[in-house]
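Observations on the three-dimensional arrangement
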Amino acid sequence: MPRDLISATASLDSAIADMAACEFDRLTNGLSVDEKARRVSSALDSLHGSIRRLEMPAYAEELLALFYSVWYQPFQINAAYSLLSRLLAERRHRLNQDGSLDIVDFGSGALAAEIGLALAVADQVSRGIAPCKTQVFLVEPSDAMTRTGFEVWERFMVANGWEVAVDVASWSTTGRLGAATISVERIHTPWSFEAQTGAYRWLVAMHAFYAEQQEAIKRDLSDIEGKFGPDLGLFTFHRESEGGVNYVSRFAREGDQAPISPLMMSGAVVRVNRWRRAVADTLGLQDDVRLTRPTEWDPERGLRDNRAILFRRE
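Cut-off values and rules
- Residues numbered from 1 in each chain as written.
- Predicted model: local features only at pLDDT ≥ 70, side-chain atom pairs only at ≥ 80, totals over all residues.
- Heavy atoms only, no water.
- Helix = DSSP H or I, 4+ residues; strand = E, 2+ residues; numbered from the N terminus.
- Expected span 1.5 Å × (residues − 1).
- Buried < 20%, exposed > 50% of the residue type's maximum accessible area, 1.4 Å probe, protein only.
- Pairing = 2+ DSSP bridges.
- Contact = heavy atoms within 4.5 Å.
- Axes fitted to C-alpha atoms, helices over the stretch in contact; angles between N-to-C directions.
- Polar contact = N/O pair within 3.5 Å; in protein donor to acceptor, adjacent residues only side chain to side chain.
- Right-handed = clockwise from strand over helix to strand, strands pointing away.
- Phe/Tyr/Trp six-rings, centres within 6.5 Å; stacked < 30°, edge-to-face > 60°.
- Lys NZ or Arg CZ within 6 Å of the ring centre and 35° of its normal.
- 1 Å grid on protein atoms, 1.4 Å probe; cavity = no way out; pocket = protein on both sides within 12 Å on 5 of 7 lines; lining within 4 Å.
- Points joined across faces, edges and corners; volume = space filled by probe spheres on them.
- Nonpolar A, V, L, I, M, F, W, Y, C, P; charged D, E, K, R; others polar.

**Notes on helix 4 (residues 73–90)**
Along its 18 residues, helix 4 runs 26 Å from first to last C-alpha, staying within 8% of the 26 Å computed at 1.5 Å per residue. Most of helix 4 sits inside the fold, with 15 of its 18 residues counted as buried.

Here it is, written out as structure tokens:
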């Protein structure tokens, strides 16, 4: 990896690990070792069991959101970084022409897309490209996942020397990466926001499809279509869900496959793995591979099991 990317990767690793350590202490303060171990095992059972069955995990549970962030989140950020970097490069002329970019992030989770976007925009700034003003609207029902994402986002921005202001009470944040600005706001319903007049409009949905929720997802995307009218849609999903994603999409025609690779970051997520291992050792869970198996930026299962589709109105 290039030197700047190595530095950014290390700061993101630290941001996730530091968030996890602080949140774990907060959520388990005053509990016995046995009770901590029981709650951790329960969160891991729920998280890994649900995702293995392609069902929606109980994202409202704070411990589950925490353990999502130290296992699935690094790959999701890496995938967002790769995909959004290419979209920004391929559509540079249109972005420069419109002057602003609005994104609705449907099922935003722990802000993988926003952190990937920040990395992609920072690359543009480092190359002297003047990026447009970006405004992101989060559609996410889970306070726990959103709070986790804001914690990582803020730590990551600060570690890289970028200006950041976070207001968790209003679920909003603004980051300034040199000449670029990314404003992020969580909205309560898919129609409760105001887009910038004349902005280029994208809909992003990263692993937001679950079969048992598909009719509700379809209704929400229909509301977004009516309010927002996205020019482009980017969806990532498990390979077995492609038919469902095309079903819920409100774009007039089916999307085109978008390669997730090549991923920008690679190897182990070192500090995150150190924290996971320490939890396993402290709680007597050394035999639980869900804690001791290394988290990677580019796990084999990531590219094997996941796909991306690009929908275009243009």
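**Description of the sheet that holds strand 6 (residues 200–206)**
Two orientations exist for strands paired in a sheet by backbone hydrogen bonds: parallel and antiparallel. Read across the sheet, nine strands follow the order 3-4-5-2-1-6-7-9-8 without closing on themselves; strand pairing throughout is mixed. The sheet is open, and its two borders are formed by strand 3 (163–167) and strand 8 (256–257), each paired with just one other strand. For strand 1 (residues 100–106) and strand 2 (residues 133–139), the ladder comprises seven bridges, and the chain directions are parallel. Across the sheet, D105 pairs through a bridge with L138, a residue of strand 2. The strands touched by helix 6 (residues 112–126) are strand 1, strand 2, strand 4 (172–177), strand 5 (180–186) and strand 6; relative to strand 5, the strand with the most contacts, the crossing angle is about 170°. With respect to the sheet, helix 8 (residues 214–228) is in contact with strand 1, strand 6 and strand 7 (232–238), its orientation differing from that of strand 1 by roughly 165°.

**Quick look at the side chain of S85**
Tracing the backbone shows S85 in helix 4. A relative accessible area of 17% places S85 in the buried class. There is a polar contact of 2.7 Å between the side chain of S85 and the backbone oxygen of Y81. When near neighbours in sequence (up to four residues on either side) are disregarded, S85 contacts A80, A120, D123 and M264.

**A word on the pairing of strand 7**
Strand 7 sits mainly inside the fold: seven of its seven residues count as buried. Sheet topology note: the strand 6/strand 7 ladder contains five bridges and is parallel. Within strand 7, the position partnered with W202 by the bridge is L232. The β-α-β motif built from strand 6, the intervening helix 8 and the parallel element strand 7 has right-handed crossover chirality.

**Here we look at the packing of aromatic side chains**
For the structure on display, the rule yields 13 aromatic pairs. A centroid spacing of 6.5 Å and a plane angle of 80° characterise the contact between W71 and Y72, whose relative ring orientation is edge-to-face. Given a relative accessible area of 6%, W71 falls into the buried group. On the basis of relative accessibility, which here comes to 14%, the residue Y72 falls in the buried class. Each ring, one from Y200 and one from W202, has its centre 5.7 Å from the other, and the planes form 75°; the classification is edge-to-face. For Y200, a relative accessible area of 0% gives the class buried. Linked through ring pairs, Y59, Y68, W71 and Y72 together constitute an aromatic cluster. We note R186 situated over the ring of W171; from NZ or CZ to the ring centre the distance is 4.8 Å.

**Re empty space enclosed by the protein**
One pass over the structure, following the stated rule, counts six cavities of 30 Å³ or more. In this structure, the largest cavity occupies an estimated 60 Å³ of space. In terms of lining residues, the largest cavity is bounded by M19, E23, R26, L27, E62, L66, A144, R147, T148 and E151. The residue makeup of the lining of the largest cavity, split by class, is four nonpolar, one polar and five charged.

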